[in-house]
Amino acid sequence: MTTFHETSKLTQLGHETAQASGPDSALLEKVPNPQAGVRYLIRFVCPEFTSVCPVTGQPDFAHLVIDYVPRDFIVESKSLKLFLGSFRNHGAFHEDCTVRIARRLVDLLDPEWLRIGGYWYPRGGIPIDVFYATGAPPEGLWLPDQGVPPYRGRG
């Protein structure tokens with residue numbers, strides 16, 4: 001069970017926190033998994049993720065779905081929200097944003113398994129979807145569909 005002592009070391013939760021200038025300076029924090037030893041799935045959905053095109057500076061928008069099976073730690077959700085928000089003025093291609101988010105979480109948490117679906121809205125008339133996983137999902141894991149339909153435009 002997570003105790004107050006374990007969460008009192010967090011620097012963002014319960015404190016006023018300024019938005020980081022970019023993902024490299026954004027702090028991701030973790031807390032002990034309150035159900036360590038139990039295999040379960042955690043899902044975060046960010047339907048309004050934004051970054052900017054590194055060439056044109058124009059805004060890019062995505063619907064992100066992050067699924068992971070924790071081991072000893074889970075990500076502290078306020079720090080994740082601030083981390084995702086730090087991309088708002090960050091110039092990077094869709095592929096870099098999506099995989100960078102996954103790799104930061106993997107480096108922080110060492111999850112049993114993680115996947116991310118980056119469902120990007122069209123740039124130049126073409127939607128770009130980016131998917132990353134650390135491997136095959138664990139056997140016996142209930143893994144719901146990410147629930148994001150293919151882009152249909154006005155059709």
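What counts and what doesn't
Residues numbered from 1 in each chain as written. Predicted model: local features only at pLDDT ≥ 70, side-chain atom pairs only at ≥ 80, totals over all residues. Heavy atoms only, no water. Buried < 20%, exposed > 50% of the residue type's maximum accessible area, 1.4 Å probe, protein only. Helix = DSSP H or I, 4+ residues; strand = E, 2+ residues; numbered from the N terminus. Contact = heavy atoms within 4.5 Å. Polar contact = N/O pair within 3.5 Å; in protein donor to acceptor, adjacent residues only side chain to side chain. Phe/Tyr/Trp six-rings, centres within 6.5 Å; stacked < 30°, edge-to-face > 60°. Lys NZ or Arg CZ within 6 Å of the ring centre and 35° of its normal. Pairing = 2+ DSSP bridges.

Among the residues of helix 2 (residues 77-85), S79, L80, L82, F83 and L84 are the ones counted as buried. Considering only its buried residues, helix 2 is in contact with strand 2 (42-52), strand 3 (59-69), strand 4 (73-75) and helix 3 (94-109). For helix 2, the capping residue at the N-terminal end is E76, with a side-chain oxygen 2.9 Å from the backbone nitrogen of K78.

Bringing the packing of aromatic side chains into the picture now. Under the definition given, this model contains five aromatic pairs. Geometrically, the ring pair formed by F83 and F87 is edge-to-face, given 5.4 Å between the ring centres and 80° between the ring planes. For F83, a relative accessible area of 0% corresponds to the buried category. Classification of F87 by relative accessible area gives buried; the value is 0%. A network of ring pairs unites the aromatic residues F49, F83, F87 and W120 as a single cluster. Positioned over the ring face of F73 is K30, at 4.2 Å from the centre of the ring.

As for its placement among the helices and strands, R115 is situated in strand 5 (residues 113-120). Exposure remark for R115: the relative accessible area of 18% places this residue in the buried category. Side chain to side chain, R115 and D67 meet in a polar contact 2.8 Å long. Excluding anything up to four places from it in sequence, R115 contacts R43, V65, I66, D67, Y132, A133, L143, P144, D145 and Q146.

What follows is about the environment of L82. Relative to the assigned elements, L82 resides in helix 2. Given a relative accessible area of 15%, L82 falls into the buried group. Spatially, the C-alpha atoms of L82 and G22 are 9.9 Å apart, while their sequence positions differ by 60 residues.

Most of strand 3 is tucked away: nine of the 11 residues are buried. Here strand 2 runs beside strand 3; their pairing, made up of nine bridges, is antiparallel. Within the sheet, the bridge partner assigned to C46 lies in strand 3 and is L64. Counting the residues in the hairpin turn of strand 2 and strand 3 gives six residues, including G57, whose phi is positive at 80°.

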